[in-house]
Amino acid sequence: MSMTLVRTVARTLLLLAIGAIGPAAFAAEVDRVPYDIPPSWTVSGLARIADVPIHDLPEVDVAALRAEDAANDAAGFDKPMRVGHPMKTDLEPARAGAWESVGVAGDVWRLRIRSKDAVWIVLGFGTFRPGDGVRMYVYDEARTRVLGPFTVADVREHGQLWMPPIAGDTVVVELYRPRGQDGVAPAIHLGTVSHGYEPWGGIGAEGGDAGIDSGSCNIDVACPLATDWQDQKRGVVNLLSGGSGYCTGSLITNTAGDCANYVLTAAHCLSSQSSAASTTFQFNFERPACGSGIAPTDQVVTGSTLRATYSTSDMTLLEIDVEIPEAFDPFYNGWSRDPTAGTESWGIHHPSNDEKAISFNQDPLVDGQNYGADHWRINQWEEGTTEPGSSGSPLFD
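Note that the structure is predicted; figures quoted are calculated from it, not measured.

Some remarks on the environment of serine 101
Alright, step 1. Along the chain, serine 101 falls in strand β5 (residues 98-101).
Alright, step 2. Distance in space between the C-alpha atoms of serine 101 and tyrosine 176 is 9.8 Å, their sequence separation being 75 residues.
Alright, step 3. At a separation of 3.4 Å, a polar atom in the side chain of serine 101 contacts the side chain of arginine 179.

Put into C-alpha cells, the structure is as follows:
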C-alpha cells in the first residue's frame, strides 16, 4: 500500500479525474504527462476549469443540523459530535464528467463537485480499483491543495478510498488514463460527498486559525503541565469518520513491537468496518506554543481496518491502512492490564474538535460504572477538562 500524498501548491482546485468511455476533445500532442501534479495543469488545449462539467449537491440546511447537534450534546456522550453532513452520490466515469485526449500520452477525465457554502468537502469512494497506469488526483479550484496521485498501489483490502477534508465548497477530481488502456473504464465509484459545515482540525477555518471552540480551562500540550508528556502526545490523533463525526484516538504499541499502526479509540465513536475505512487521522494538530500559534492541519492519512470493537467497555481498535510518514514523528503509546488504580492520571485529547490539550487528575482512579466494571473513571479533573471530541482519548498514569 502506498501512502496518500498531500501537497500545498501555488493555487487551489479540487479536481477528481475518473476514466470513462472515450475522449471528447483533443488537446496538444504530448508523449508524456507529469506524475506529481494533475496533467491538466500543464497540458495546453484542454477545457478551462470553468467549462469542466459540474455536479451540484442538494443544498444543506445547516441551521437544522446545528439544532440537532445541540440536542445531541445535551443528551450526553452517546454519539460523536458532527461537523459534516454526508450525502449519497452515484458518480462514475461512464455517467459523469468529460474525457479529453492528451495525444499519444493518453486521456484525461475531469469532474467538478460542488456543495454550496461548504467550508470543506470530503469525498468517499465506495469502489476504487483504477487499473494499471491510471492515476487519480483531487484538488480545489484555486489549486492550493492537491491530493494524489492515487494508483493501484492505493487499492485497500476493503475496496474503499476516502479523501481527507479539502477547504472550500468545490473540488475537482481528475483521472489520467495512459494510451493502451483506451476503452477500459476504471472501476471507480464516488458514493459519498460530505458537506463540512464547521471546521475540522483547523481545515475550513477563517484565516487558517482553528479558533477557540473548547472551554477556556483547557490546557495546550505546549504548556508546562505537558512537559513530561512530549513523547506520548505524538501518538494522540484527531479523528473524522464518514466525513461527519469527530473523536480522539491514540496510536498504541503491541507485544510484537513491530510498529503496526494500531489506533485505540471509543466504540461510540465508530464500531463498523465502513466507518473505519472512512476515517481520517490527523497528527500533531496542536499549537506550537502555550496558548498561541497556528497548528498544522495537513498531517493526515486516511483509511483503516477494524480489528476489534467491544461496546461493553466502549472500545474500538483500528489499524491504519497506510504507512505513517516519518515526518509526522509518530509515537506508539504503551498500555497496561494492571488492575491497580493509578494514584494520579493525565489525559491528552482534542476537546470539541480543538487543538490538542492535556488534563490532570491528582486523585486515584476509581472503578467506572457507566460501561460496567471494565474501565477507570475520573471524578474530577484538577487541571483542564474533557469535552465532546475527547472521547476515545488515552489516559496515562
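Having seen the structure, we can now continue with the description.
With respect to the nonpolar core
Alright, step 1. Residues Ile113, Leu123, Phe125, Met136, Val138 and Met163 are the most contacted members of the largest nonpolar core, which totals 32 residues.
Alright, step 2. Those elements giving two or more residues to this core turn out to be α1 (62-75), β4 (84-91), β6 (106-114), β7 (120-129), β8 (135-150), β11 (170-178) and β12 (187-196).
Alright, step 3. Of all hydrophobic cores here, the second largest spans 18 residues; its members include Cys247, Phe283, Phe328 and Tyr332.

A word on the pairing of β8
Alright, step 1. The element β8 is extensively covered by neighbouring structure, given that 12 of its 16 residues are classed as buried.
Alright, step 2. With 6 bridges joining them, β8 and β11 adopt antiparallel strand pairing. What sits directly across from arginine 135, in β11, is tyrosine 176.

Describing empty space enclosed by the protein
Alright, step 1. Overall, the coordinates contain 1 cavity of 30 Å³ or more when judged by the stated rule.
Alright, step 2. Within this model, the largest cavity holds a volume of roughly 40 Å³.
Alright, step 3. Taken together, 10 residues form the lining of the largest cavity, with Lys79, Pro80, Met81, Pro388 and Ser391 sitting closest to its centre.

With respect to the sheet that holds strand β22 (residues 357-361)
Two pairing modes exist for strands in a sheet, parallel and antiparallel, and in both the strands are linked by backbone hydrogen bonds.
Alright, step 1. Ordered by their spatial adjacency, 4 strands build an open sheet running β13-β22-β21-β25, and the pairing between neighbours is antiparallel. Whereas interior strands pair on both sides, the edge strands pair on one side only; in this sheet they are β13 (219-220) and β25 (395-396).
Alright, step 2. Examined bridge by bridge, strand β21 (residues 345-349) and β25 share 2 bridges and lie antiparallel to one another. Across the sheet, the residue bridging to tryptophan 346 is phenylalanine 396, located in β25.

Quick look at the pattern of salt bridges
Alright, step 1. Inspection of every chain in the model, using the stated rule, returns 20 salt bridges.
Alright, step 2. We note a salt bridge from arginine 66 to glutamate 198, for which the minimum N-O separation is 2.7 Å. Note that arginine 66 is positioned in helix α1 and glutamate 198 in the loop between β12 and β13, a separation of 132 residues in sequence.
Alright, step 3. Given a relative accessible area of 42%, arginine 66 falls into the partly exposed group.
Alright, step 4. Between aspartate 220 and arginine 287 there is a salt bridge, with its nearest N and O atoms 2.9 Å apart. In this pair, aspartate 220 sits in strand β13 while arginine 287 sits in the loop between β17 (280-283) and β18 (300-302), placing the two residues 67 residues apart along the sequence.
Alright, step 5. Take aspartate 220: its relative accessible area is 9%, and that puts it in the buried class.
Alright, step 6. For arginine 287, a relative accessible area of 9% puts it in the buried group.
Alright, step 7. A single network of salt bridges, built from pairs that share partners, joins Asp220, Arg287, Asp354 and Glu355.

Notes on the state of the cysteines
Alright, step 1. In this structure the tally under the stated criterion is 2 disulfides.
Alright, step 2. Paired through a disulfide, cysteine 223 and cysteine 290 show a sulfur-sulfur distance of 2.0 Å. Taking the sign of the S-S torsion, 90° for the link of cysteine 223 and cysteine 290, the bridge is right-handed. Of the two residues, cysteine 223 sits in the loop between β13 and β14 (236-241) while cysteine 290 sits in the loop between β17 and β18, which places them 67 residues apart along the sequence.
Alright, step 3. Classification of cysteine 223 by relative accessible area gives buried; the value is 9%.
Alright, step 4. In this model cysteine 247 forms its disulfide with cysteine 269; the gap between the sulfur atoms is 2.1 Å.

Quick look at the side chain of aspartate 220
Alright, step 1. A polar contact of 2.9 Å, which involves the side chain of aspartate 220, links it to the side chain of arginine 287.
Alright, step 2. Once you skip the residues sitting within four places of it in the chain, aspartate 220 turns out to touch Arg287, Ala289, Cys290, Gly291, Ser292, Lys356, Ala357 and Ile358.

A closer look at α1
Alright, step 1. Counted at 1.5 Å a residue, the expected span for α1 with its 14 residues is 20 Å, and the 20 Å between its end C-alpha atoms agrees.
Alright, step 2. Within the sequence span of α1, burial applies to Val62, Leu65 and Asp69. The buried residues of α1 occupy an angular sector of 60° when projected down its axis, which confines them to one face. Within α1, the exposed residues directed more than 90 degrees away from the buried face are Ala63, Ala74 and Ala75.
Alright, step 3. Contacts from the buried residues of α1 go to β3 (81-82), β4 and β12.

Topic: the environment of glycine 45
Alright, step 1. For glycine 45, the position within the fold is in the loop between β1 (6-13) and β2 (54-56).
Alright, step 2. C-alpha of glycine 45 to C-alpha of glutamate 100: the two residues are 55 residues apart in sequence and 9.5 Å apart in space.

Points about unusual backbone geometry
Alright, step 1. The step from glycine 148 to proline 149 runs through a cis peptide bond, and the omega angle for that step is 5°.
Alright, step 2. Along the polypeptide, proline 149 turns up in strand β8.
Alright, step 3. Even without glycine at this site, serine 352 takes up a positive phi of about 50°.
Alright, step 4. Relative to the helices and strands, serine 352 resides in the loop between β21 and β22.
Alright, step 5. By relative accessible area, which is 15% here, serine 352 ends up buried.

Thoughts on the side chain of serine 194
Alright, step 1. With respect to the element layout, serine 194 can be found in strand β12.
Alright, step 2. Of the residues examined, serine 194 reaches a relative accessible area of 0% and is grouped as buried.
Alright, step 3. Once residues within four sequence positions are removed from consideration, serine 194 is found in contact with Gly84, His85, Pro86, Trp120, Ile121, Val122, Gly242, Gly243 and Ser244.

Quick notes on the rules
Residues numbered from 1 in each chain as written. Predicted model: local features only at pLDDT ≥ 70, side-chain atom pairs only at ≥ 80, totals over all residues. Heavy atoms only, no water. Helix = DSSP H or I, 4+ residues; strand = E, 2+ residues; numbered from the N terminus. Polar contact = N/O pair within 3.5 Å; in protein donor to acceptor, adjacent residues only side chain to side chain. Core = buried A, V, L, I, M, F, W, Y, C linked by side-chain atoms within 4.5 Å. Buried < 20%, exposed > 50% of the residue type's maximum accessible area, 1.4 Å probe, protein only. Pairing = 2+ DSSP bridges. 1 Å grid on protein atoms, 1.4 Å probe; cavity = no way out; pocket = protein on both sides within 12 Å on 5 of 7 lines; lining within 4 Å. Points joined across faces, edges and corners; volume = space filled by probe spheres on them. Salt bridge = Lys/Arg side-chain N within 4 Å of Asp/Glu carboxyl O. Disulfide = S-S within 2.5 Å. Contact = heavy atoms within 4.5 Å. Expected span 1.5 Å × (residues − 1). Arc of directions from axis to C-beta.

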